[in-house]
Amino acid sequence: MSLDHASEQVQRLSRIVFRPWEPQIICAFVRFEMADRLAKGGRTVADLAGELGAHQDSLGRFLRSAVVLELLETADGDTFAITELGRLLCSPEAGMRNIVMMNFTPGIWNRAGRLHETVMTGKTVLDDAGEDLYDYYRHNPVERAWHAAAMADLAGDAGAAIAEHHDLGGVSTIVDVGGSLGVLLSRLLEGAPGVTGTVFDLPGIVESGREWAAKTPVADRLSFVGGSFFEDTPPAADLYLLKQVLCDWGDEDSARILDFIHRGAPSGSRLVVIEWMRPDGPEPSEYDSMSLGLQTVTGGRVRTEREFVGLLEGAGFKFESTVTVPSTLLPRPWNLIQAIRP
Ligand SMILES: Nc1ncnc2c1ncn2[C@@H]1O[C@H](CSCC[C@H]([NH3+])C(=O)O)[C@@H](O)[C@H]1O
């Protein structure tokens, strides 16, 4: 290896390893609502520092860092304006703002810092209090709300995919298990008059869901039941949805969730699992790091179709088909893994 080549490689590495701050700069950018503050045009460091009550010199450094990330632009290093990327990062339509707050705040961020432990043990990281992510969220309502809002951003998009690709003919009741605030279900109910829906989720989430749902046009057809899918049977329905829930859990826990759904599911009812899916085979995939991240923070993973079919059939459901539909938000498609309760 020539020296030139070696130093080229070091440079390449250094571009990766000197950047642990960047996610936190992005997170602070959202936290400080920079897009709103700069909506009417460029502003100086002193002006922004006064408004934020921030330390001026540090804020200047922060703003210049955001320029390097292409979130801001500046001609003189003192007046800063928002870029298209910066505006997009903060816009509710792009669906990234809440995902930033979910991923880069302590619940997930601190656990991600212990990823090596999961690689060694194969187990979820528990924090110093011995808690997994959802236990932690129980007494961290602010972070729990960001998580719920991030899920809500992803749910609207998936709702459109389901409405288009899953026939709701013959369905009069839908239960969304782990349905969070009810965004997915409300989207579906909007396009399905006469259908009623119930969200089944943890009691704390259900409380916020009721508040959120009261403002929707389908409030009278959308109800909430609080409980745990490890201990309670979700209410009976013609159609069960299970979106981005199994990805949070290992096989044993997933089997338990499916078993509780199965116990209450009438014969002939349907279950649609909505997830990202890893291709079969040993080739490295972009899903691998996501899968490891999920395993670290919640104990779950990204599964293959064959693994989903194994879980579903193990719990007594009959797998029918998988429909893959593009997401309007992300470069990863949604998979609707459809099964029936015989
Ligand atoms: N034990 C549990 N019982 C019921 N719901 C739970 C439990 N543990 C976690 N959850 C919920 O599972 C959901 C996973 S996040 C997915 C939310 C939603 N299905 C969506 O895709 O938008 C969260 O809303 C959690 O509150």
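Residues numbered from 1 in each chain as written. Predicted model: local features only at pLDDT ≥ 70, side-chain atom pairs only at ≥ 80, totals over all residues. Heavy atoms only, no water.

The name given to the protein in an unreviewed UniProt entry is Methyltransferase, with the source organism recorded as Actinomadura monticuli.

S.K.: Help me understand the environment of Arg97 in this model?
M.R.: By secondary structure assignment, the location of Arg97 is in helix α7 (residues 97-103). Residue classification places Arg97 among the partly exposed residues on the basis of a relative accessible area of 30%. C-alpha of Arg97 to C-alpha of Glu117: the two residues are 20 residues apart in sequence and 29 Å apart in space. Residues contacting Arg97, with those up to four places away along its chain left out, are Val30, Leu89, Cys90 and Pro92. (Helix = DSSP H or I, 4+ residues; strand = E, 2+ residues; numbered from the N terminus. Buried < 20%, exposed > 50% of the residue type's maximum accessible area, 1.4 Å probe, protein only. Contact = heavy atoms within 4.5 Å.)

S.K.: Sorry, what's going on with the UniProt feature "domain: O-methyltransferase C-terminal" (unreviewed entry) in the protein here?
M.R.: Mapped onto this numbering, the UniProt entry gives "domain: O-methyltransferase C-terminal" (unreviewed entry) at residues 129-318. Secondary structure across residues 129-318 comprises 45% helix and 15% strand; the distance between its end C-alpha atoms is 40 Å. (UniProt positions renumbered as here; feature names shortened; annotations may be inferred.)

S.K.: How should I be thinking about helix α2 (residues 22-31) in this particular structure?
M.R.: Since the α-helix turns once every 3.6 residues, residues separated by three or four places project in the same direction. All buried positions along α2 are accounted for by Pro23, Ile25, Cys27, Ala28, Phe29 and Val30. The first or second residue beyond α2 is Glu33, which carries a positive phi of 50°.

S.K.: Is there a simple way to think about the site of the ligand in this case?
M.R.: The local shell around the ligand holds 17 residues, among which Gly178, Asp201, Ser228, Phe229 and Lys243 are the closest. Separating a nitrogen atom of the ligand from a backbone N or O atom of Gly178 is a distance of 2.7 Å. In the environment of the ligand, a nitrogen atom lies 2.9 Å from a nitrogen or oxygen atom belonging to the backbone of Phe229. For the ligand, whose unbound accessible area comes to 560 Å², protein coverage reaches 96%. Ranked by residues supplied to the shell around the ligand, first place goes to helix α11 (residues 141-165) with three residues. (Near = heavy atom within 4 Å. Polar contact = N/O pair within 3.5 Å; in protein donor to acceptor, adjacent residues only side chain to side chain. Areas by Shrake-Rupley, 256 points an atom, 1.4 Å probe, with all protein chains shown as cover.)

S.K.: I'm lost on the side chain of Thr105 in this one. Help?
M.R.: Here Thr105 is to be found in the loop between α7 and α8 (106-112). For Thr105, a relative accessible area of 2% gives the class buried. Ignoring sequence-local partners within four residues, the contact set of Thr105 consists of Cys27, Arg31, Glu143 and Trp146.

S.K.: I tried to follow the environment of Cys247 on my own but got confused; where do I start?
M.R.: Structurally, Cys247 can be placed in the loop between β7 (239-243) and α14 (251-264). Expressed as a C-alpha distance, the spacing of Cys247 and Thr298, which sit 51 residues apart in the sequence, is 8.6 Å. Setting aside residues no more than four positions away along its own chain, Cys247 makes contact with Glu275, Leu294, Thr298, Gly300, Arg301 and Arg303.

S.K.: Before we go on, may I ask you to explain the packing of helix α4 (residues 45-52) against helix α5 (residues 56-68) in this structure?
M.R.: Relative placement of two packed helices is described by the angle separating their axes and the distance separating the axes. Viewed as axis vectors pointing N to C, α4 and α5 meet at an angle of 115°, and their least axial separation amounts to 9 Å. Judged on the interaxial angle alone, α5 and α4 are roughly perpendicular. Here the hand of the crossing between α4 and α5 comes out right-handed. From α4, Val45, Ala46, Leu48, Ala49 and Leu52 reach across to α5, where they touch Gln56, Leu59, Gly60 and Leu63. In the contact of α4 with α5, the residues fall into seven nonpolar, two polar and no charged. (Axes fitted to C-alpha atoms, helices over the stretch in contact; angles between N-to-C directions. Parallel < 35°, antiparallel > 145°, perpendicular 65-115°, else oblique. Left-handed = near helix turned anticlockwise from the far one by under 90°. Nonpolar A, V, L, I, M, F, W, Y, C, P; charged D, E, K, R; others polar.)

S.K.: I'm lost on the sheet that holds strand β5 (residues 196-201) in this one. Help?
M.R.: Sheet strands pair by backbone hydrogen bonding; their relative direction is either parallel or antiparallel. On the basis of which strands lie adjacent, the open sheet formed by seven strands has the order β6-β5-β4-β7-β8-β10-β9 and mixed pairing. The open sheet has two free edges, formed respectively by β6 (222-226) and β9 (318-325), since each of these has just one partner strand. In this sheet, neighbouring strand axes are inclined to one another by 20° on average, regardless of whether the strands run parallel or antiparallel. Summarising the sheet, β7 and strand β8 (residues 270-275) pair through five bridges and their orientation is parallel. Bridged to Leu242 within β8 is Val273. Contacts from α14 reach β4 (173-177), β7 and β8 within the one sheet, and its direction differs from that of β7 by about 165°. Across the sheet, helix α16 (residues 305-314) touches β8, β9 and β10 (334-340), and the angle it forms with β9 is around 145°. (Pairing = 2+ DSSP bridges.)

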